[in-house]
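A structural walkthrough
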Protein chains: 2
Amino acid sequence: MLTVNPSRLLDDLRELSRIGATPEGGVHRPALSATDLQARDWFRARAAAAGLICRQDGAGNLSAVLPAADPTARTLLCGSHLDSVPYGGRFDGALGALAALEALRTIQEAGLQLPFHLEAISFTDEEGTHISLLGSRAAAGLLTEADLEHPHSSPEAFAAALERAGLRREELLTVRRDPASLVGYLELHIEQGSRLQDAGLEIGAVTAIVGIRSFWLTFSGQAAHAGTTPLFARRDALRGAASFVTRAAEIVSVDFPPGVATCGQVEVAPGAFNIVPGRARLALEFRHPVAETLDEMEAALFALARECAAVHGLEVAFASVGGVEPAAFDPDVVAAIEAAAGALGLRCTRLVSFAGHDAQAMRAITPAAMLFVPSVDGLSHHPGEYTRDADVINGANTLLNALLILAGRAWEQERAH
Amino acid sequence: MLTVNPSRLLDDLRELSRIGATPEGGVHRPALSATDLQARDWFRARAAAAGLICRQDGAGNLSAVLPAADPTARTLLCGSHLDSVPYGGRFDGALGALAALEALRTIQEAGLQLPFHLEAISFTDEEGTHISLLGSRAAAGLLTEADLEHPHSSPEAFAAALERAGLRREELLTVRRDPASLVGYLELHIEQGSRLQDAGLEIGAVTAIVGIRSFWLTFSGQAAHAGTTPLFARRDALRGAASFVTRAAEIVSVDFPPGVATCGQVEVAPGAFNIVPGRARLALEFRHPVAETLDEMEAALFALARECAAVHGLEVAFASVGGVEPAAFDPDVVAAIEAAAGALGLRCTRLVSFAGHDAQAMRAITPAAMLFVPSVDGLSHHPGEYTRDADVINGANTLLNALLILAGRAWEQERAH
């Protein structure tokens with residue numbers, strides 16, 4: 001079986017991790033920042049050194065291409081992203097982008113002539129410094145003018161970032177890839193959780209990415225004097241919100257596995273030691289891989305909030321702050337990952353991704369799936385994020401062989417037509 | 001029986017409420033602000049118009065005095081304060097100061113010659129715009145240099161306020177009244193709660209002011225990815241804090257009546273929809289009239305916090321942010337209030353004050369107590385704060401007659417020695 005060059009890939013990972021390196025051992029490469037642009041230059045140089053063609057689209061998505069003999073051939077994509085969250089880790093994104101580059105180099109060195117162009121792609125701003133999944137959503141035709149008007153940073157910061165990267169706002173919505181030109185998309189990523197480690201497994205074949213819904217829950221009661229208002233007479237908004245926080249986790253654990261719900265922020269008004277809270281605004285986010293179950297979770301959590309409000313004499317209002325629908329991956333691509341892992345003798349399981357990834361955008365235009373390798377202790381978005389060398393190599397080899405399996409199957413299907 | 005001039009008192013209240021009046025029907029007279037100084041000028045003019053002696057001490061405490069024939073006589077004090085919380089109500093403080101003034105005028109008009117100087121006093125900054133109970137604690141010798149160094153506003157704002165009022169910082173600690181010169185202190189105040197209204201009673205004879213303790217409780221866990229971290233694996237600081245909020249109110253209700261506990265603020269870190277809270281800082285305040293019970297409440301609430309932390313794999317730390325010990329009032333002064341109310345045919349009950357007042361400072365140097373009149377719906381520190389005319393007059397008459405009873409008893413005691 002074809003396998004990657006382990007020391008070349010590990011050296012690349014080490015070298016890339018020096019760009020934006022932080023004293024704590026992580027990297028700081030927010031999308032389109034100076035360090036992100038430096039990482040892109042380095043990637044271009046590595047691709048060129050390998051004799052691969054280098055390309056960048058109008059959304060800043062950066063590709064190394066190993067062309068097929070036939071220039072009209074379709075393209076098989078693999079990749080991830082070079083940007084990081086602020087003060088994040090060395091593996092999130094970087095592993096997938098460099099393993100994709102390494103897969104192309106390995107195939108090229110082996111002298112394999114595939115019937116498809118192979119493209120290792122790094123998408124712009126996966127982490128959403130400005131706009132989450134900016135590059136992959138642009139490539140999938142999912143990015144909208146409305147998205148561009150509400151960057152997470154600020155319109156000014158976003159405009160400055162585009163200019164720094166030599167990108168033009170008006171081109172961002174024009175880079176959609178033609179589905180007919182694509183064979184599929186594969187993405188290797190660290191798990192960012194500890195299920196593989198806990199189960200002693202080496203590869204996760206990701207069958208779906210959870211859907212996410214986010215709401216502000218505003219509990220409204222009556223601000224009152226913290227001394228002269230007896231406990232029974234209070235309409236304490238924080239008590240309602242606290243009761244919801246406590247019970248929401250229980251309900252989701254029991255009734256909606258493997259879903260998760262998080263209350264990540266609370267804002268209390270007036271917000272003083274000696275005033276009973278009149279208002280408490282709670283950030284609620286919940287995730288599940290199945291769309292219908294996500295609806296049921298929403299109904300159950302809203303009913304709980306209304307009950308917690310009623311018990312304390314409060315009103316509760318719900319304001320959506322966006323969401324992502326669950327994304328099921330292509331069964332054939334998942335099967336190719338399992339087949340590759342099996343052929344390599346690696347212990348593999350199917351699992352769901354609880355975090356968003358570029359693959360969930362790309363699946364809109366081409367058969368896609370992801371594979372995970374273990375993260376030590378599940379640490380991620382953290383300078384201590386770490387994946388062992390052996391797992392890096394296992395992941396890259398599985399990616400490489402899954403690409404070959406997919407290419408083979410797609411070629412058989414083309415010929416059968 | 002001697003009774004006050006109802007229309008004169010109600011007119012005074014109305015006139016005073018125009019100083020710093022807000023569109024919502026309340027008043028904005030933070031201590032030593034322009035409106036507070038205007039209110040003081042108005043009070044001086046009213047006292048002078050009644051032929052009373054006007055005085056101000058080095059802490060800005062403003063007095064109208066009806067002198068006894070004997071210049072070496074002791075002084076019987078009554079009063080409250082003219083300042084308000086920002087955008088507060090018309091009765092908190094103002095009622096007690098004006099009823100005291102009216103009591104002096106009534107005694108003077110009746111031609112009563114008391115064996116004591118009578119003094120209607122308005123204390124500086126009861127509400128703590130700069131320093132809580134500034135004037136009464138200065139008069140009681142309880143104010144310290146440390147207090148002056150940490151005003152609630154800022155050292156600059158406090159210095160500017162003193163200058164505006166013509167006060168000098170170095171004089172604030174020199175105005176302690178000699179206990180041997182005092183007979184007692186009586187303060188009429190609105191209830192700021194609804195116990196009198198709910199029970200259909202007219203006068204509350206206040207036997208004690210609750211002690212107050214305030215702490216920041218910091219629950220510390222582990223910030224984590226809100227998708228990839230399963231619910232069972234989380235060390236969610238907000239879940240620990242929420243569980244505490246929910247259960248603290250239950251414990252205090254059941255085990256520590258008539259105590260109250262309030263969580264008035266929460267600060268969550270990192271504080272994002274998609275991050276499990278690693279830290280939650282909770283503002284806890286609790287009150288009880290009995291010192292030993294306050295100790296027991298503290299122990300029970302801390303034990304609860306430790307238990308809530310342990311259940312969620314958290315640490316919890318406690319940081320005191322000050323407190324006030326419970327203040328029991330003088331039984332003879334309370335009895336004088338009850339006797340006065342009884343003589344006037346008013347329905348009276350003993351109760352505890354859950355809010356702080358100048359009387360709790362003054363009791364350190366002289367026998368003191370307070371009387372409450374109903375606040376409609378318990379509303380206070382609010383523009384809608386309201387006490388009916390009849391209750392205003394009942395309160396003033398009870399204050400007046402309690403002063404006469406106290407003066408009579410004190411005179412008997414003096415003669416008996």
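Residues numbered from 1 in each chain as written. Chains lettered and ligands numbered in written order. Predicted model: local features only at pLDDT ≥ 70, side-chain atom pairs only at ≥ 80, totals over all residues. Heavy atoms only, no water.

**Things to note about the nonpolar core**
Grouped together as the largest cluster of nonpolar side chains are 79 residues, with contacts concentrated most on Leu186, Phe329 and Leu399 of chain B. Contact partners of leucine 186 of chain B, with chain neighbours within four places excluded, come to Leu77, Cys78, Gly79, Val333, Ile337, Ala369, Leu371, Leu399, Ala402, Leu403 and Leu406 of chain B. Residues Leu77, Phe123, Ala140 and Val334 of chain A belong to the second largest nonpolar core, which totals 78 residues. (Core = buried A, V, L, I, M, F, W, Y, C linked by side-chain atoms within 4.5 Å. Buried < 20%, exposed > 50% of the residue type's maximum accessible area, 1.4 Å probe, protein only. Contact = heavy atoms within 4.5 Å.)

**Overview of the sheet that holds strand S9 (residues 260-269) of chain A**
Strand pairing in a sheet is mediated by backbone hydrogen bonds. Such pairs are either parallel or antiparallel. All names here are of chain A. What the four strands build is an open sheet, ordered S9-S11-S7-S12; its pairing is antiparallel. One side of each edge strand has no neighbouring strand; the edge strands of this open sheet are S9 and strand S12 (315-324). Neighbour-to-neighbour, the strand axes of this sheet turn through a mean angle of 15°, independent of strand direction. Here 10 bridges tie strand S7 (residues 211-220) to strand S11 (residues 279-288), and the two strands are oriented antiparallel to one another. By the bridge assignment for S11, threonine 218 is matched with arginine 281. Docked against the sheet, helix H9 (residues 291-311) engages S7, S9, S11 and S12, running at close to 10° with respect to S7. (Pairing = 2+ DSSP bridges. Helix = DSSP H or I, 4+ residues; strand = E, 2+ residues; numbered from the N terminus. Axes fitted to C-alpha atoms, helices over the stretch in contact; angles between N-to-C directions.)

**What about the domain arrangement of chain A?**
All names here are of chain A. The domain boundaries assigned to chain A delineate domain 1 (6-209 + 326-416) and domain 2 (211-324). With centres defined by C-alpha atoms, the gap from domain 1 to domain 2 works out at 37 Å. Across the boundary between the two partners, domain 1 contributes six residues, which contact 11 residues of domain 2. Summed over both partners, the interface of domain 1 with domain 2 buries about 620 Å², with 69% contributed by carbon and sulfur atoms. (Domains from an automatic or database assignment. Buried area = accessible area lost by both parts, 1.4 Å probe.)

**With respect to the sheet that holds strand S9 (residues 260-269) of chain B**
Residue and element names in this part refer to chain B. Reading across the sheet, the four strands line up as S9-S11-S7-S12 and stay open at both edges, with antiparallel pairing between neighbours. The open sheet is flanked by S9 and strand S12 (315-324), the only strands paired with a single partner. Put simply, the sheet's adjacent strands are angled 15° from each other on average, direction ignored. Here helix H8 (residues 237-255) sits on the sheet and contacts strand S7 (211-220), S9 and strand S11 (279-288); the angle it forms with S11, its principal contact strand, is near 10°.

**Describing the relation of the copies chain B and chain A**
The operation relating chain B to chain A is a screw motion whose rotation component is 180°, with 0.1 Å of axial translation and a residual RMSD of 0.1 Å. Look at the turn and shift together and you get a two-fold axis relating the two. Distance from the rotation axis, computed per C-alpha, reaches its smallest value in chain B at alanine 242 of chain B: 2.2 Å. Interface overlap between copies is the fraction of interface residues in one copy that are interface residues in the other; for chain B against chain A it reaches 100%, indicating a shared surface. (Least-squares fit on C-alpha atoms with pLDDT ≥ 70 in both.)

**Regarding the packing of helix H1 (residues 6-17) of chain A against helix H3 (residues 94-109) of chain A**
Residues and elements named next belong to chain A. Across the interface, H1 lies against H3 with an axial gap of 10 Å and an inter-helix angle of 145°. Relative to H3, H1 is oriented so that their crossing is right-handed. Within the contact between the two elements, H1 uses Arg8, Leu9, Asp12, Leu13 and Leu16 and H3 uses Ala94, Leu95, Leu98, Ala99, Leu101, Glu102, Arg105, Thr106 and Glu109. Residues that form the contact of H1 with H3 fall into these classes: eight nonpolar, one polar and five charged. (Left-handed = near helix turned anticlockwise from the far one by under 90°. Nonpolar A, V, L, I, M, F, W, Y, C, P; charged D, E, K, R; others polar.)

**Some points on unusual backbone geometry**
Between alanine 269 of chain A and proline 270 of chain A the backbone carries a cis peptide bond, its omega angle lying at 0°. Within the element layout of this structure, proline 270 of chain A appears in the loop between S9 and strand S10 (275-276). For the bond from proline 257 of chain B to proline 258 of chain B, the omega torsion is 0°, close enough to zero to count as cis. Positive phi values are uncommon outside glycine, yet leucine 32 of chain A reaches one of about 65°. By the secondary structure assignment, leucine 32 of chain A is in the loop between H1 and helix H2 (34-49).

**As for the interface of chain B and chain A**
Counting residues at the interface gives 48 residues for chain B, matched by 48 residues for chain A. Taken over both partners, the interface formed by chain B and chain A buries close to 3600 Å², and the fraction arising from carbon and sulfur atoms is 63%. It is Thr228, Leu231 and Phe273 of chain B that lose the most area in chain B upon contact with chain A, and together they represent 19% of the buried surface on that side. Run the count over chain B and chain A and you get zero salt bridges. Inspection of the region where chain B meets chain A yields eight residue pairs in polar contact (both at pLDDT 80 or more). Secondary-structure elements contributing two or more residues to the side of chain B that touches chain A are S7, H8, S9, strand S10 (275-276) and S11 of chain B. Per-element accounting of the side of chain B that touches chain A gives the leading share, nine residues, to H8 of chain B. Its residues assigned to classes, the side of chain B that touches chain A shows 26 nonpolar, 17 polar and five charged. (Salt bridge = Lys/Arg side-chain N within 4 Å of Asp/Glu carboxyl O. Polar contact = N/O pair within 3.5 Å; in protein donor to acceptor, adjacent residues only side chain to side chain.)

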